[in-house]
Amino acid sequence: ALLQDLRDRQPGGVRISEVRQIEYDASRPPSGLPKPEPTETGRPPSIVTIAGIAKSFSDVNDFVVLLQESSLFKGSATQLIAAEMTDYQARSQTYDDNAPTGLEFEQVVEFELVTQIREVPATEILPELQRKGALGLVNRIQQLQSRGVI
């Protein structure tokens, strides 16, 4: 459901190259990342870092704003860590020995952002999980509800 939410919120000019989930350990905090917000349950927060490229800084900003509106991620913990205009690192290959070499590409914005997974009971976001395609989880929750377990 989390990856589908990222895909749904990704603007057309943004390409995600890496998504990492980190369980925060206060005794060994990851370097370069802001301290996460505390969770309601006291469990270690789940941090997600997202890296990629975009056509423009505006596309990166749009992506951050769209993630802040997500019901699966904490909006207040979603922030841009780095963004830098750089040459697009693409390789071209041709099978024609006489073809011109050295294609030039437009510059892109390499970015990294961080967010935190919201800690909410799955029953509260059941419709959202269903829309995102987490049908197995939805079915299990509905079975438990029908038996009066939850």
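Here the structure is a predicted model, which is why all the values come from computation and not from measurement.

A. Spotlight on the pattern of salt bridges. Within the structure shown, the criterion is met by 4 salt bridges. Arg20 is the salt-bridge partner of Glu112, the closest N and O atoms lying 3.9 Å from each other. Residue Glu112 is located in strand β4 (residues 107–116), and its partner Arg20 is located in strand β1 (residues 14–23); the two are separated by 92 residues in the primary sequence. Judged by its relative accessible area of 26%, Glu112 falls in the partly exposed class. Taking relative accessible area as the criterion, Arg20 reaches 37% and is therefore assigned partly exposed. One salt-bridge network, in which partners are shared between bridges, spans Glu18, Arg20 and Glu112.

B. Seen up close, helix α1 (residues 2–9). Taken residue by residue, α1 has Asp5, Leu6 and Arg9 as its buried positions. The arc enclosing the buried residues of α1, seen along the axis, measures out at 100°, which places them on a common side. Facing away from the buried side of α1, by more than 90 degrees, are the exposed residues Leu3 and Arg7. Residues of α1 that are buried sit in contact with β1, β2 (46–54), α2 (57–68) and α3 (126–131).

C. The sheet that holds strand β3 (residues 79–87), seen in detail. Taken in spatial order, the 4 strands of this open sheet run β1-β2-β4-β3, and their pairing is antiparallel. Both outer strands of the open sheet, β1 and β3, are each paired with one neighbouring strand and no more. Strand-to-strand, the axes of this sheet are offset by a mean angle of 15°, without reference to chain direction. Bridge count between β2 and β4: 8 bridges; the pairing is antiparallel. Bridging across to β4, Thr49 finds its partner in Val114. Across the sheet, α2 touches β1, β2, β3 and β4, and the angle it forms with β4 is around 15°.

D. Layout of the environment of Val60. Relative to the assigned elements, Val60 resides in helix α2. Judged by its relative accessible area of 1%, Val60 falls in the buried class. Spatially, the C-alpha atoms of Val60 and Leu80 are 8.6 Å apart, while their sequence positions differ by 20 residues. Excluding its chain neighbours within four sequence positions, the residues that come into contact with Val60 are Val14, Ala54, Leu80, Val109 and Phe111.

E. Region of the structure containing the nonpolar core. Core analysis: the biggest nonpolar cluster contains 15 residues, and Leu6, Ile50, Phe63, Leu67, Phe73, Phe111 and Leu113 have the highest contact counts within it. Of all the elements in the fold, those that place two or more residues in this core are β2, α2 and β4. No other element matches α2, which puts 4 residues into this core. In contact with Leu113, other than residues within four places in its own chain, are Val48, Thr49, Ile50, Phe63, Val64, Leu67, Gln79, Leu80 and Ile81. If you look at the next biggest cluster of nonpolar residues, it comprises 5 residues, including Ile22, Leu33, Ile47 and Val114.

F. Just the side chain of Lys74, in detail. If you trace the backbone, Lys74 turns up in the loop between α2 and β3. What Lys74 contacts, discounting residues up to four positions off in sequence, is Glu37, Pro38, Glu40, Thr115, Gln116 and Arg118.

Parameters at a glance
Residues numbered from 1 in each chain as written. Predicted model: local features only at pLDDT ≥ 70, side-chain atom pairs only at ≥ 80, totals over all residues. Heavy atoms only, no water. Salt bridge = Lys/Arg side-chain N within 4 Å of Asp/Glu carboxyl O. Helix = DSSP H or I, 4+ residues; strand = E, 2+ residues; numbered from the N terminus. Buried < 20%, exposed > 50% of the residue type's maximum accessible area, 1.4 Å probe, protein only. Arc of directions from axis to C-beta. Contact = heavy atoms within 4.5 Å. Pairing = 2+ DSSP bridges. Axes fitted to C-alpha atoms, helices over the stretch in contact; angles between N-to-C directions. Core = buried A, V, L, I, M, F, W, Y, C linked by side-chain atoms within 4.5 Å.

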